[in-house]
Amino acid sequence: MRHFGHIPLADRAGLFHQEPCEFTSDSTAPTLSAALGATLYSPATRTSLADDVVKQAGRGVVSMVLCLEDSIDDGEVEGAETNLVRQFTDLAGRKAELPLLFIRVREAEQIPDLVRRLGDAGRLLSGFVLPKFTQERGLPFLEALAEAEAASGRRLFAMPVLESPELMHLETRARTLTDIAATVDKYRDRVLALRLGVTDLCSAYGLRRAPDMTAYDVRIVAGVIADVVNVLGRADGTGFTITGPVWEYFPVQERMFKPQLRQSPFLEGRAEELRAALIEHDLDGLLREIELDRANGLQGKTCIHPSHVMPVHALSVVSHEEFSDAQDILRPERGGGGVLRSAYTNKMNEVKPHRAWAERTLRRAEVFGVAREHIGFVDLLSAGLGR
């Protein structure tokens, strides 16, 4: 699979200075972690799940979570498990290209049970999403994952979700984060990414952000995100990939505030129609939140609607300017440090302080590609949506 692989080769050539790389479910953990992008969630109760997975893969989705937890009713779990086994068996008989597939479970015991029931179709499974993760609750999940991996002989990844009230409450946050760090470090080779469950975090205080606001406008949530990145997202080799929170909105709603999406990038051709569509579906707030995610150390995003996928991916492509700066900073002759003017002559690149940023940028460039010099996210988004 490849990001933007659903776009014809000739069109990609006009968009990318460096094309996104190909990867498979057997690729290295660092590659898969960087490549998750917009991870699309779907309830495991859907009877058309196999068809949905194939259809979304054809539209550029590269990672999906099939959910047995909060997206379904408590009384539907048994039927949803049976449906999952049936849908995986269906997918195993097809020759279609599939995204990375994960199952979000409720309890640790479901992990080895589902792997056993999936049988040979389990080769399509990349791992499990572990809800409401703390040290006490998370350790049994990780032990169950190791057990299932040993029994099946297949590599399985974990994606813990950080969404517990202990993380939200100030008096327990530091200890909770320290304990989580110790737990995931023990299973570092199997933790692909840490996911932020902002909806559950908000529920601890009865909050819900409006479509005009990002997660970072809710100060109590922004504080949690900052602390999670502080402890678990460090660039010194101890950190993990931390994904951005879900954007909840997709229907048309009455707006209280003016649109956040500048008009100037959309002035050419039919791009103004794209801008109008994004605003109509409250996606201007999503675009702003994606940019704030990256500025705050998060990569990728949890998505609950297919319309959110391409905005995440378009804004994940490395600009030609970013790529130029990162390459300059990491040149071997710059190993001793120093300061240099950027090739775009608009900023200072300080070699030692900017090295970690440059390394992360080149990892993103590998999986999402580098845009040509005069290509912006509007061009990428339009192409990704087939407009």
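These numbers were taken from a predicted model, which means no experiment stands behind them.

### As for the pairing of strand 6 (residues 157-162)
For strand 6, the tally of buried residues reaches 6 of 6 residues, placing the bulk of the element in the interior. Judged by which residues are buried, strand 6 turns out to be covered on both faces: Phe157, Met159 and Val161 on one side and Ala158, Pro160 and Leu162 on the other are all buried. Alignment of strand 5 (residues 125-130) against strand 6, held across 4 bridges, turns out to be parallel. Opposite Gly127, over in strand 6, you have Phe157 as the bridge partner. With helix 6 (residues 135-152) bridging strand 5 and its parallel neighbour strand 6, the resulting β-α-β unit is right-handed. Note: strand 6 against strand 7 (residues 194-196), 2 bridges, orientation parallel. Within the sheet, the bridge partner assigned to Leu162 lies in strand 7 and is Leu196.

### Brief notes about the pattern of salt bridges
In the structure shown here, the tally under the stated rule is 30 salt bridges. For Arg117, the salt bridge is made with Asp113, and the minimal N-O distance between the two is 3.3 Å. Taken together, the positions of Arg117 and Asp113, both in helix 5 (residues 110-118) and 4 residues apart, correspond to about one turn of that helix. Residue class for Asp113 comes out partly exposed when judged on its relative accessible area of 25%. Here Arg175 and Asp179 are joined by a salt bridge, their closest N and O atoms 3.2 Å apart. Separated by 4 residues within a single helix, Arg175 and Asp179 lie in helix 8 (residues 170-186), roughly one turn from each other. Here the salt bridges do not stand alone but share partners, grouping Glu69, Asp70, Arg104, Lys132, Glu163 and Asp200 into one network.

### Section: the nonpolar core
Judged by nonpolar contacts, the single largest core of 104 residues is most densely connected at Phe88, Ile103 and Phe128. Residue contacts for Phe128: discarding those within four places in its chain leaves Phe102, Ile103, Val105, Ile111, Leu114, Val115, Leu145, Leu156, Phe157, Ala158 and Met159. The next biggest cluster of nonpolar side chains, apart from the first, holds 5 residues, and it includes Ala326, Ile329, Leu340 and Val351.

### Regarding the packing of helix 6 against helix 8
Running from N to C, helix 6 and helix 8 point in directions that differ by 10 degrees, and their axes come no closer than 9 Å. Considered as vectors, helix 6 and helix 8 are oriented roughly parallel to each other. As helix 6 packs across helix 8, the resulting crossing turns out to be right-handed. Within the contact between the two elements, helix 6 uses Gln135, Leu139 and Leu142 and helix 8 uses Asp179, Ile180 and Thr183.

### Topic: the side chain of Ser27
Along the chain, Ser27 turns up in the loop between strand 1 (16-18) and helix 2 (29-35). Residue Ser27 is classed as buried on the basis of its relative accessible area of 17%. The contacts of Ser27, once residues within four sequence positions are left out, are Leu32 and Arg155.

### Focus: the sheet that holds strand 8 (residues 242-243)
Pairing within the open sheet is parallel, and its 8 strands lie in the order 8-7-6-5-4-3-2-9. In the strand order of this sheet, the two ends are held by strand 8 and strand 9 (301-303), each with one partner. Of the pairings in the sheet, the one linking strand 2 (residues 38-43) to strand 3 (residues 63-67) comprises 5 bridges and is parallel in character. When the bridges of strand 3 are listed, Thr39 appears paired with Ser63. Here helix 4 (residues 77-92) sits on the sheet in contact with strand 3, strand 4 (100-104) and strand 5, set at roughly 170 degrees to strand 4.

Rules behind the numbers
Residues numbered from 1 in each chain as written. Predicted model: local features only at pLDDT ≥ 70, side-chain atom pairs only at ≥ 80, totals over all residues. Heavy atoms only, no water. Buried < 20%, exposed > 50% of the residue type's maximum accessible area, 1.4 Å probe, protein only. Helix = DSSP H or I, 4+ residues; strand = E, 2+ residues; numbered from the N terminus. Pairing = 2+ DSSP bridges. Right-handed = clockwise from strand over helix to strand, strands pointing away. Salt bridge = Lys/Arg side-chain N within 4 Å of Asp/Glu carboxyl O. Core = buried A, V, L, I, M, F, W, Y, C linked by side-chain atoms within 4.5 Å. Contact = heavy atoms within 4.5 Å. Axes fitted to C-alpha atoms, helices over the stretch in contact; angles between N-to-C directions. Parallel < 35°, antiparallel > 145°, perpendicular 65-115°, else oblique. Left-handed = near helix turned anticlockwise from the far one by under 90°.

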